[in-house]
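What the coordinates show
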Amino acid sequence: MKEIKKIACIGAGYVGGPTMSVIAQKNPGIQVTVVDLNQQRIDAWNDEDLSQLPIYEPGLDGVVGEARGRNLFFSTDVETAIDEADMIFISVNTPTKTYGKGKGQAADLKYIELCARQIARVAQGDKIIVEKSTLPVRTAAALKSILDDTGNGVNFAILSNPEFLAEGTAVADLHHPDRVLIGGEDEEAIQALVQIYAAWVPHERILTTNLWSSELSKLVANAFLAQRVSSINAISELCEVTGANVDEVSRAIGHDSRIGPKFLKASVGFGGSCFQKDILNLVYIARSYNLTAVADYWEQVIILNDHQKSRFAERIIQTMYNTVNGKKIVFLGWAFKKDTNDTRESAAIYVADHLLDEEAHLVVYDPKVSADQIYKDLDYLKTRSAEENRRLVTVVNDPYEALQEAHAATILTEWDEFKGYDWALIKKQMKKPSFVFDGRKLLDSASLRKLGFDYYAIGE
């Protein structure tokens, strides 16, 4: 069996950085080098102050601190890393296309292809190439075609090893995975990767499949999870008009062992880099094979999620006497979920956009997301000018300052700290009537109503 002495990972983002850090931590005899062209990102990974890592994940600083400089390295020297590595993980971004065929649905594979061409050009010896990015089915075939047609006699074995990390718990997910999935056709290469994970993962949790099953399993896993969120969110709307309580419905159906309780919490909608992108990818693949009914089915999960966000924004407007023009509305939370600074596809962005169309004045507080990122997210939508976004949106570092003289508070991220606030004091500081719109069903509704808040939560 091929012994792996050096690993390179192209891409130092949300997947590559934490995954390689844990692989290095658990395999001290293997040199792991994470490379990225973004100098600023690499500098942050190398910062002596571990609180300055470019990604916030509980426990990540300890893992990086243990392995960095011993057998974990971060560099911008991509070519040296490729040349020296026995195994190369590709962990670059695969965003949804914003142009051409498949616009708005298909994954943009230009970064994957650039990686493949660079590996093909630099490699002098045989390599195992591992797809770590989320990719559409049969991408491995395209990778192999590019790599094999270089004519330099180097052999490349392609493996699919999709990540199943949840942001906020990524380190725990890496340390104690439900399963590790490895797809491939080359048994020696598969076993080489199995041995790396077997350093800490029980063998029965390491599943091997063919390439196509592995690639598709990643998309399907996220689609099924997102489907559960959209399903309970659809029921939340029904609860609001019938007098049922969505938490009680969730609890009742979650006790059915065939259904289970996970991903049945109603909210303002799912976000993050994976769910929407992967479902759109699934829809595009189904349409490309003329599987219209299949595509329509999965697309409805996205449609319902978008509806939940706009419905929440409309509820705010209607409750506040059908106008929010000039009113100060505080957003508590901007990240797409707690314990991460990732804002990709966060519900907060789209709820904010809806309210800004009505000329609301938003004040945003998030314990981990910077003002720069919040403005970037709004500017990216191109709904209004950057100047308009800065006129209408203020970002602050103190939640109590944010809530001073506010007309309404909205909970957009389920940060635990929001539960511990002095809501009695906040009530005195806010304008009357004082509205709270809880998009995450985080706060205790009875105690807030007792304090005199007009409290609204999804599904009640």
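Here, the structure is the one placed above.
Residues numbered from 1 in each chain as written. Predicted model: local features only at pLDDT ≥ 70, side-chain atom pairs only at ≥ 80, totals over all residues. Heavy atoms only, no water.

A few words on the packing of helix α1 (residues 16–26) against helix α3 (residues 60–67). Look at α1 against α3: their axes get within 9 Å of each other, and the N-to-C directions meet at 50°. The angle between α1 and α3 falls in the class oblique. Relative to α3, the crossing made by α1 is left-handed. Side by side, α1 and α3 meet where Pro18, Ser21, Val22, Ala24 and Gln25 of the first sit next to Leu60, Val63, Val64, Glu66 and Ala67 of the second. Here the contact of α1 with α3 is built from residues that sort into 7 nonpolar, 2 polar and 1 charged. (Axes fitted to C-alpha atoms, helices over the stretch in contact; angles between N-to-C directions. Helix = DSSP H or I, 4+ residues; strand = E, 2+ residues; numbered from the N terminus. Parallel < 35°, antiparallel > 145°, perpendicular 65-115°, else oblique. Left-handed = near helix turned anticlockwise from the far one by under 90°. Contact = heavy atoms within 4.5 Å. Nonpolar A, V, L, I, M, F, W, Y, C, P; charged D, E, K, R; others polar.)

Right, let's get into the nonpolar core. The biggest cluster of nonpolar side chains holds 60 residues, and the ones touching the most others in it are Ile329, Phe331, Trp334 and Leu355. Excluding anything up to four places from it in sequence, isoleucine 329 contacts Ile316, Met320, Val324, Leu355, Ala360, His361, Leu362, Val363, Ala408 and Thr410. (Core = buried A, V, L, I, M, F, W, Y, C linked by side-chain atoms within 4.5 Å. Buried < 20%, exposed > 50% of the residue type's maximum accessible area, 1.4 Å probe, protein only.)

With the rule as written, the count across this model stands at 15 aromatic pairs. Centre to centre, the rings of tyrosine 197 and tryptophan 200 are 5.6 Å apart; their planes meet at 50°, and the pair counts as tilted. A relative accessible area of 16% means that tryptophan 200 is categorised as buried. The rings of Tyr365, Tyr400, Phe418, Tyr421, Trp423 and Phe453 are connected pair by pair, giving a single aromatic cluster. Sitting above the plane of the tyrosine 56 ring, lysine 368 keeps its charged end 4.2 Å from the centroid. When the ring centre of phenylalanine 453 is taken as reference, the NZ or CZ atom of lysine 427 above it lies at 6.0 Å. (Phe/Tyr/Trp six-rings, centres within 6.5 Å; stacked < 30°, edge-to-face > 60°. Lys NZ or Arg CZ within 6 Å of the ring centre and 35° of its normal.)

Everything listed here is a matter of geometry and, on its own, says nothing about what the molecule does.
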